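Overview (structure and organization)
In case you want the letters, here they are:
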Amino acid sequence: MTVTALPDTEATPPKRGWYKRNEIAVTPWLFLAPAILFFAVYVIIPIFQSFSISLYDWDGLGEARFVGMANYQELVTDRAFEVSLWNNLKWLVFYLLAIPAGLFIALFLNQTVTGIRIYKSLFFSPFVLSQVVVGLVFAWFYLPNEGLLSNMLGWFGLGPVNVLGDPTWATYGIIAAGLWPQTAYCMILYLTGLNAVDPEQVEAARLDGAKGWKMLWYVIIPQLKPATFIAFVVTIIGALRSFDLISIMTNGGPFGQTRVLSFYMFEKALSEYGFRMGYGAAIAVVLFLIMLVFIAYFLFSMYREERGGR
Amino acid sequence: MFPRPIQQASPAAQTTYKTLLPLALIMWLLPLIAVAVFSVKPASDFTQGNYWGMPGSFDLIDNYSQVFFNSDMPRYMLNSVLITVPTVIGAVALSAMAGFALGIYKFRSNLWVFFMFVAGNFVPFQILMVPVRDLTLDMGLYNTKTGLVLFHIAFQTGFCTLFMRNFIRALPFPLIEAARVEGVAEWRIFWFVVLPLMKPALAALAVLIFTFIWNDYFWAIVLTQGPDAQPVTAGITSFNAQYRAAYHLMSAGSIVAALPPVLMFFLMQKHFIAGLTLGAVK
């Protein structure tokens, strides 16, 4: 039996080879192989490795020492971990404001006046900036004396503020910076969604006397459901992934009050605070488990869709 | 159409809307405009405390040539290009094949493999950080562009496969059946039938991945250090350390770093938005 990987199909072979006979069954796996290989090596296997590393005390170079659940026990009493966890919650809650804000801007821009396309693109442009640039831009915007924010408050007779230097407000300041590109993203999702709203339903509702908020709530928003779902997914993921902004704007400070799990993990495992890979991995596992709740929900939603479809 | 077209409103409302539009845009882009203004100001403005007044002089060329000729910025930019372009090609190629397999063939584990890609695409980076850094070190690829590219290709394949598979699903299936009846080999169906139809998806993904990878910061600082391999997002922090408190140069540097994805977006707008909003309409 000869196995020919890519048989020449122009000439009709006298005997059908093994590949020819199993073509339909084998081909998908041949096409999948490179992607699965890469994904397994760099994504799937590392997840399990992190779980196992979290049970060790390891500085990344020397011998790893098995410590069982000790890292997790330490987490329970770690104040910095608690602060990070609370900040993650703040991110989750306030980052979701991007969804109504994006809808609002989309409604504002959903007109056909001259130049509206340019306006839409420019409103969207913050999304394509790197988070590093967004962080720098906002850090300068917030500067206590020189920053534009303090200067603008000055016009109204309000004192200068040091948003990023204030332990209470710094996290909200960073979230506000993150909302800027995220709102742009949600806006573009809703603009696309609004484009596809059935005009006949809108007209019918108008004839029935629906307008304004009622129209929005009962006729438009239900039709925007797919856009809302995606906006929700990307915003939740974005909130839990927040790292760049914090690293650039405050580097976790002041007094570690702007840390989130993703940042704290990096700090523990890879920065001047020491190379505690095991402890870092334990933090990452907690973050992963939080994310897993959402991932499971997203997958479940997709699964229902697939069932409904072909 | 909702809201009601402004053309049907009173002339006063129309005028209000048309004046509100540019005002809202200026408010929206204010932080960015501020940085753009900073980047053309002379150094003397900052030493004299003239942060928000009129620029003392228009120093666009001076400031930007400092960035291009007097810093590591060009090297960082080149690194970014050498990281981003291979990643785009690799991720698009792998996911086109994977998407074809998952979109066309019916086999028992199809949905599970698909969900593996989707779920992996959502995981927090930190759960991968320690093992991936370790793996990269073991392969001797730490602080190389190759190390970053390999990881990026692997991770982006998750999102790209989700995208490609859904796109291929929407293609007319009878086309493939017809080709099979004709006796066309499966890999030829991929190459000659499906791939040409996927051009819009390939373009959309290419621009999206370009932006994502260009803007990556986390993996850049985990897997590389120094101007030999670091992309511009990581390089900008060393640039800023070099020109501490020289706001005109730091602003110019940020604008240079941000420009390629912005250009990419404005040039390929249609594809970019098609890629981002796939699935936003049913």
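Note that this is a predicted model, so its numbers are computed, not measured. Here the residue numbering is sequential within each chain, running from 1 through the sequence in written order. As they are written, the chains are lettered A onward and the ligands numbered 1 onward, keeping that order. This being a predicted model, a pLDDT of at least 70 is required before a residue's local features are given, and a value of 80 or more before pairs of side-chain atoms are given or counted; all residues contribute to the totals for chains, interfaces and linings.

1. Digging into the UniProt feature "transmembrane region" (unreviewed entry) in chain A
Residues and elements named next belong to chain A. Convention followed: UniProt positions are given in the numbering used here, feature names are shortened, and annotations may be inferred rather than shown by experiment. By definition, any uninterrupted DSSP run of H or I lasting at least four residues is a helix, any uninterrupted run of E lasting at least two residues is a strand, and each is numbered from the N terminus.
Following the UniProt record, one finds the feature "transmembrane region" (unreviewed entry) at residues 24-48, 91-110, 122-143, 169-194, 215-240 and 279-300. Between the end C-alpha atoms of residues 91-110 there is a gap of 29 Å, over a span that is 85% helix and 0% strand. Along residues 279-300 one finds 100% helix and 0% strand; the C-alpha atoms at either end are 31 Å apart.

2. Considerations on the UniProt feature "transmembrane region" (unreviewed entry) in chain B
All names here are of chain B. If you check UniProt for "transmembrane region" (unreviewed entry), the listed places come out as residues 20-40, 81-104, 111-129, 149-168, 189-214 and 245-267 in our numbering. In residues 20-40, helix accounts for 86% and strand for 0%; the two terminal C-alpha atoms are 28 Å from one another. The span residues 189-214 shows a helical share of 96% and a strand share of 0%, and its end C-alpha atoms are spaced 33 Å apart.

3. Observations regarding the domain arrangement of chain B
Residues and elements named next belong to chain B. Operational definition: Domain limits in this description derive from either an automatic procedure or a database domain assignment. Here, residues touch in the contact sense if the C-beta positions derived from the backbone fall within 7 Å of one another. All amino acids are sorted into three groups, where Ala, Val, Leu, Ile, Met, Phe, Trp, Tyr, Cys and Pro are nonpolar, Asp, Glu, Lys and Arg are charged, and the leftover types, Gly among them, are polar.
Assigned domains within chain B: domain 1 (6-68) and domain 2 (71-276). Across the contact, 14 residues belong to domain 1 and 13 residues belong to domain 2. Only helix H2 (30-38), helix H3 (43-47) and helix H4 (60-69) provide two or more residues apiece to the side of domain 1 that touches domain 2. A per-element tally of the side of domain 1 that touches domain 2 places H4 first, with five residues. The residue inventory of the side of domain 1 that touches domain 2, partitioned by class, reads nine nonpolar, three polar and two charged.

4. Regarding the UniProt feature "domain: ABC transmembrane type-1" (unreviewed entry) in chain B
The positions UniProt marks with the feature "domain: ABC transmembrane type-1" (unreviewed entry) are residues 77-268 of chain B. In residues 77-268 of chain B, helix accounts for 80% and strand for 0%; the two terminal C-alpha atoms are 20 Å from one another.

5. Here we look at the interface of chain A and chain B
Each partner contributes to the interface: chain A provides 81 residues, whereas chain B provides 78 residues. Residue contributions to the side of chain A that touches chain B peak at 18 residues, all from helix H2 (residues 23-53) of chain A. Class assignment of the residues belonging to the side of chain A that touches chain B gives a composition of 60 nonpolar, 16 polar and five charged.

6. Description of unusual backbone geometry
All names here are of chain A. Inclusion rule: Three classes are used. A residue is buried when 20 or more other C-beta atoms lie within 10 Å of its own, exposed when 12 or fewer do, and partly exposed in between, with C-beta atoms placed from the backbone.
Residue Pro 254 follows Gly 253 across a cis peptide bond; omega there is -5 degrees. For Pro 254, the location among the structural elements is in the loop between helix H13 (244-249) and helix H14 (261-270). Positive phi is not limited to glycine here, since Asn 251 has a value of about 55 degrees. With respect to the element layout, Asn 251 can be found in the loop between H13 and H14. Its 14 C-beta neighbours within 10 Å are what place Asn 251 among the partly exposed residues. Unusually for a residue other than glycine, Phe 255 sits at a positive phi of about 55 degrees.

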